[in-house]
Amino acid sequence: MSQLFDAPPPRVPVQIEPSWEQALEAEFSKPYFHALVQFLKAEKQNGQVIYPPGPLIFNAFTLTPIDRVRVVILGQDPYHGPGQAHGLCFSVQRGLPPPPSLVNIFQELYNDLHIPAPRHGNLEHWARQGVLLLNATLTVRAGQAGSHQGKGWETFTDAVMECLNDRHEGLVFLLWGKFAQAKARCIDASRHHLLKAAHPSPLAARNGFFGCKHFSQTNRLLAQQGKEPIDWQIPD
């Protein structure tokens, strides 16, 4: 019976962009988020290297405040190699070669809009225009792909998707691969635009990613709503 009178768990302090902090306030007090934070602390205490670095875990939210979101690209989990991940799905920091999936994204961009591949793989230019580059899982153990899946991040990013669904009209969601497409359950397709294709990885890109023309489709959908198109050309 005493549990009935227990105080709710305290809010976990999270360094996240203010508009997102307000929108997601309730998530930071939920038991799953407390468990997630304890898991990440234990990883560090056990000497594990976690990517991206702590200040960049919520980088997608920092660069794309909630009221500026127009497009959502959903990835699975961060790159697990040294220096690659910086909190934006598919993106890598300058000075590192674009990974194979990103190379294929640039190839489709060229096929679709004749935009040549940039000299780097940093996608911040997209994020600053309102393209939320969100991974379903926001951290990973160095060298171990998928190692932080099933620890609570997916519940958090479900809440992000539901928040976007409720607060916006006419967002364009680019769902590449079955994992991303599973998030469609969080979106009202009668109010938003869901563009689905195969994943851009080398194993799947030729099965429906190449030729999807999602970049031009996105800009047409934005234009139909009187919104500015995305400048997909990434400056060197």
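Since this is a predicted model, take the numbers as computed values, not measurements.

(A) Structural view of helix 6 (residues 153–167). With 15 residues, helix 6 should cover 21 Å at 1.5 Å per step; its first-to-last C-alpha distance of 21 Å lies within 8% of that length. The set of residues buried in helix 6 consists of Trp153, Glu154, Phe156, Thr157, Asp158, Ala159, Val160, Met161, Cys163, Leu164 and Asn165. Where helix 6 is buried, its residues meet helix 1 (18–23), helix 2 (31–45), helix 3 (59–63), strand 2 (71–75), strand 3 (131–135) and strand 5 (172–176).

(B) Broad picture of the pairing of strand 3. When you tally the buried positions in strand 3, you get 5 out of 5 residues, the bulk of the element. Note: strand 2 against strand 3, 5 bridges, orientation parallel. Of the residues in strand 3, the one forming a bridge with Val72 is Leu132.

(C) The arrangement of the environment of Gln149 in detail. Looking at the element boundaries, Gln149 is found in the loop between strand 4 (140–141) and helix 6. Residue class for Gln149 comes out partly exposed when judged on its relative accessible area of 28%. Once the C-alpha coordinates of Gln149 and Ala136 are considered, the two residues, 13 residues apart in sequence, prove to be 8.6 Å apart. Beyond its immediate stretch of four places on either side in the chain, Gln149 contacts Gln76, Asp77, Thr137 and Glu154.

(D) Region of interest: the pairing of strand 5. By the criterion of burial, strand 5 is predominantly enclosed, with 5 of the 5 residues buried. On strand 5, burial covers both faces: Val172, Leu174 and Trp176 on one face and Phe173 and Leu175 on the other are all buried. In this sheet, strand 5 lies alongside strand 2 in parallel orientation, the contact comprising 4 bridges. Bridging from a neighbouring strand, Val72 pairs with Phe173 of strand 5. Pairing of strand 5 with strand 6 (residues 193–197) involves 5 bridges; the strand directions are parallel. The residue of strand 6 that forms the bridge with Leu175 is Lys196.

(E) The arrangement of the packing of aromatic side chains in detail. Taken as a whole and judged by the stated rule, the model has 18 aromatic pairs. The interplanar angle of 85° and the centroid separation of 6.4 Å between the aromatic rings of Phe33 and Trp153 together place this pair among those described as edge-to-face. In this pair, Phe33 is assigned in helix 2 and Trp153 in helix 6, connecting sequence segments 120 residues apart. The residues Phe33 and Trp153 share a single accessibility class, namely buried. Seen from their ring centres, Phe58 and Phe156 are 6.1 Å apart, and the 75° between their planes marks the pair as edge-to-face. Of this pair, Phe58 sits in the loop between strand 1 (50–51) and helix 3 while Phe156 sits in helix 6, and the two are 98 residues apart along the sequence. In this structure Phe58 comes out as buried when scored by relative accessible area, which is 10%.

(F) Inspection of the sheet that holds strand 2 at higher detail. Reading across the sheet, the 4 strands line up as 3-2-5-6 and stay open at both edges, with parallel pairing between neighbours. This sheet does not close on itself; its edge strands, each paired only once, are strand 3 and strand 6. Neighbouring strand axes in the sheet, compared pairwise and without regard to direction, differ in orientation by 20° on average.

(G) Summary view of the pattern of salt bridges. Counted under the stated rule, the structure contains 7 salt bridges. Of the charged contacts, one joins Arg119 and Asp236 as a salt bridge, the two residues approaching to 3.5 Å between their closest N and O atoms. Of this pair, Arg119 sits in the loop between helix 4 (100–113) and helix 5 (124–127) while Asp236 sits in the segment after helix 8 (214–224); the two residues are 117 residues apart in sequence, bridging distant segments of the chain. When its relative accessible area of 77% is taken as the criterion, Arg119 is described as exposed. Assessed through its relative accessible area of 55%, Asp236 is described here as exposed. For Asp158, the salt bridge goes to Lys183, with nearest N and O atoms at 2.6 Å. Of this pair, Asp158 sits in helix 6 while Lys183 sits in the loop between helix 7 (178–181) and strand 6; the two residues are 25 residues apart in sequence, bridging distant segments of the chain. Each member of the pair, Asp158 as well as Lys183, is classed as buried. When salt bridges that share partners are traced, they join Asp158, Lys183 and Arg185 into one network.

(H) Quick look at helix 2. Between its first and last C-alpha, helix 2 extends 21 Å over 15 residues, near the 21 Å set by a 1.5 Å rise per residue. Buried residues of helix 2: Tyr32, Phe33, His34, Leu36, Val37, Phe39, Leu40 and Glu43, and no others. Downstream of helix 2 by a residue or two, Gly47 has a phi angle that is positive, lying close to 85°.

What counts as what
- Residues numbered from 1 in each chain as written.
- Predicted model: local features only at pLDDT ≥ 70, side-chain atom pairs only at ≥ 80, totals over all residues.
- Heavy atoms only, no water.
- Helix = DSSP H or I, 4+ residues; strand = E, 2+ residues; numbered from the N terminus.
- Expected span 1.5 Å × (residues − 1).
- Buried < 20%, exposed > 50% of the residue type's maximum accessible area, 1.4 Å probe, protein only.
- Contact = heavy atoms within 4.5 Å.
- Pairing = 2+ DSSP bridges.
- Phe/Tyr/Trp six-rings, centres within 6.5 Å; stacked < 30°, edge-to-face > 60°.
- Axes fitted to C-alpha atoms, helices over the stretch in contact; angles between N-to-C directions.
- Salt bridge = Lys/Arg side-chain N within 4 Å of Asp/Glu carboxyl O.

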